[in-house]
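What the coordinates show
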Amino acid sequence: MTEEKITLGTEYPLNGLLTLPDNTNFPVPACVLVHGSGSSDMNEHIGKVYPFRDIASELALHGIACLRYDKRSYAHGRRMLKEKRLITVKEETIEDAIKAADLLRSDPRIDSERIYVIGHSMGAMLAPRIDAEGGNFRGLILMAGSPYTLPDILMRQLDELASKSNFLLKAVLRKQKEKYEQLFADLETMSDEDAKKKNMGGGTTLYYFKEMNSHPAMDFLQNTEKPVLIMQGEKDFQAKADIDYQKYRELLQDRDNVTFRLYPDLNHLFMHSVYGDIAKASKEYSKPQHIPSEVIADIADWIRNH
């Protein structure tokens, strides 16, 4: 493969890499990689694992290009806090993913009719919206996503963490959950201006959740005829196979454009499960691993078939 440095955007320039397959005839299909929640570099590096690097390098072996880049909150988080700009998923993720798709279309080595989005975790939740709001992808690949809202997922994870914590931490987590429950209960009726005044930490306000809730992922998925690949690790303790993946299947099982893939023993990053416990997430990702080749091969085969 060949990797070329790119810069995405101008107001908030982001470093990135375009991975191109060697020994192939151009133009080739390509994918935009979209991060999960939180600040993350172009490799979606956490602990000692680099899932986006794995995906890009392995797809190149299958003749597929990939564009990955630092997330805006990773590259410019301090600046954004200093400027006190209102941050929503649009500024944090969507705008840059659309720019990445446009950049690929401008490259003659890329087949402009065969550009796909690979969203991971919250990136999977946002991928259908990114497509609808200007990404204009050929197809959508959703890895470890959820059809539920972000508040739903946050409440569930707080419950699970509390159940696995000692007495003092359990009390803190339950208090935090009570606070969030009250805020989220008023979310639909609360005005945008009031939501913008409620600080949620990390430079975000309650409006971050309100704005995202007003664009449900399932609304976009149920209205698209584009091919969709939904992928899930069976041992994922963040997006659950028996909750999130099962809900996807329930809501989309009759759609001919949707393909489902469930992987035994794989975690949220599609690597082999170590602890399988949300309370040990940092330890889970501290072991050097790679995404198994079969997962990437499934993505490549699906792209070739669509």
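Quick summary incoming for the structure in this document. Since the structure is predicted, the reported quantities are computational estimates derived from the model, not experimental observations.

A few words now on the side chain of Lys240. With respect to the helices and strands, the residue Lys240 is situated in the loop between β9 (228-233) and α10 (241-252). If sequence neighbours within four positions are ignored, Lys240 has contacts with Arg156, Glu160, Gln232 and Tyr245.

Here helix α4 (residues 122-135) contains 14 residues, and its C-alpha end-to-end distance of 16 Å is more than 12% below the 20 Å for a straight helix at 1.5 Å per residue. Of all the bends in α4, the greatest, near 35 degrees, is centred on Arg129. Counting buried residues in α4 gives twelve out of 14 residues, a clear majority hidden from the surface. All of the buried residues in α4 are Met122, Gly123, Ala124, Met125, Leu126, Ala127, Pro128, Arg129, Ile130, Asp131, Gly134 and Gly135.

Turning our attention to the nonpolar core. Counting 58 residues, the largest nonpolar core has Leu142, Leu206 and Ile230 as its most contacted members. Looking at this core element by element, the count peaks at seven residues for helix α3 (residues 89-105). Filtering out sequence-adjacent residues up to four positions away, Leu142 remains in contact with Gly119, Ala124, Ala127, Pro128, Leu221, Val228, Leu229, Ile230, Met231 and Tyr248. In terms of nonpolar packing, the next biggest core, distinct from the first, is built from 32 residues, Leu33, Phe52, Leu59 and Phe270 among them.

Using the criterion set out here, one finds seven aromatic pairs in the structure. A centroid spacing of 5.9 Å and a plane angle of 70 degrees characterise the contact between Tyr116 and Trp302, whose relative ring orientation is edge-to-face. Taken together, the residues span a long stretch of sequence, with Tyr116 in strand β5 (residues 110-120) and Trp302 in helix α12 (residues 293-305) at a distance of 186 residues. Owing to a relative accessible area of 0%, Tyr116 belongs among the buried residues under this scheme. Trp302 gets classed as buried once you look at its relative accessible area, which sits at 5%.

Before going further, it helps to spend a moment on the environment of Asp22. Looking at the secondary structure, you find Asp22 in the loop between β2 (14-20) and β3 (28-34). For the pair Asp22 and Asp111, spaced 89 residues apart in sequence, the C-alpha separation works out to 15 Å. With sequence-adjacent residues up to four places away left out, Asp22 is seen in contact with Met1 and Thr2. Reaching out from Asp22, the side chain makes a polar contact with the backbone nitrogen of Met1 at a distance of 3.2 Å. Side chain to side chain, Asp22 and Thr2 meet in a polar contact 2.6 Å long.

Conventions we followed
- Residues numbered from 1 in each chain as written.
- Predicted model: local features only at pLDDT ≥ 70, side-chain atom pairs only at ≥ 80, totals over all residues.
- Heavy atoms only, no water.
- Helix = DSSP H or I, 4+ residues; strand = E, 2+ residues; numbered from the N terminus.
- Contact = heavy atoms within 4.5 Å.
- Expected span 1.5 Å × (residues − 1).
- Bend = angle between axes of the 7 residues up to and from the residue.
- Buried < 20%, exposed > 50% of the residue type's maximum accessible area, 1.4 Å probe, protein only.
- Core = buried A, V, L, I, M, F, W, Y, C linked by side-chain atoms within 4.5 Å.
- Phe/Tyr/Trp six-rings, centres within 6.5 Å; stacked < 30°, edge-to-face > 60°.
- Polar contact = N/O pair within 3.5 Å; in protein donor to acceptor, adjacent residues only side chain to side chain.

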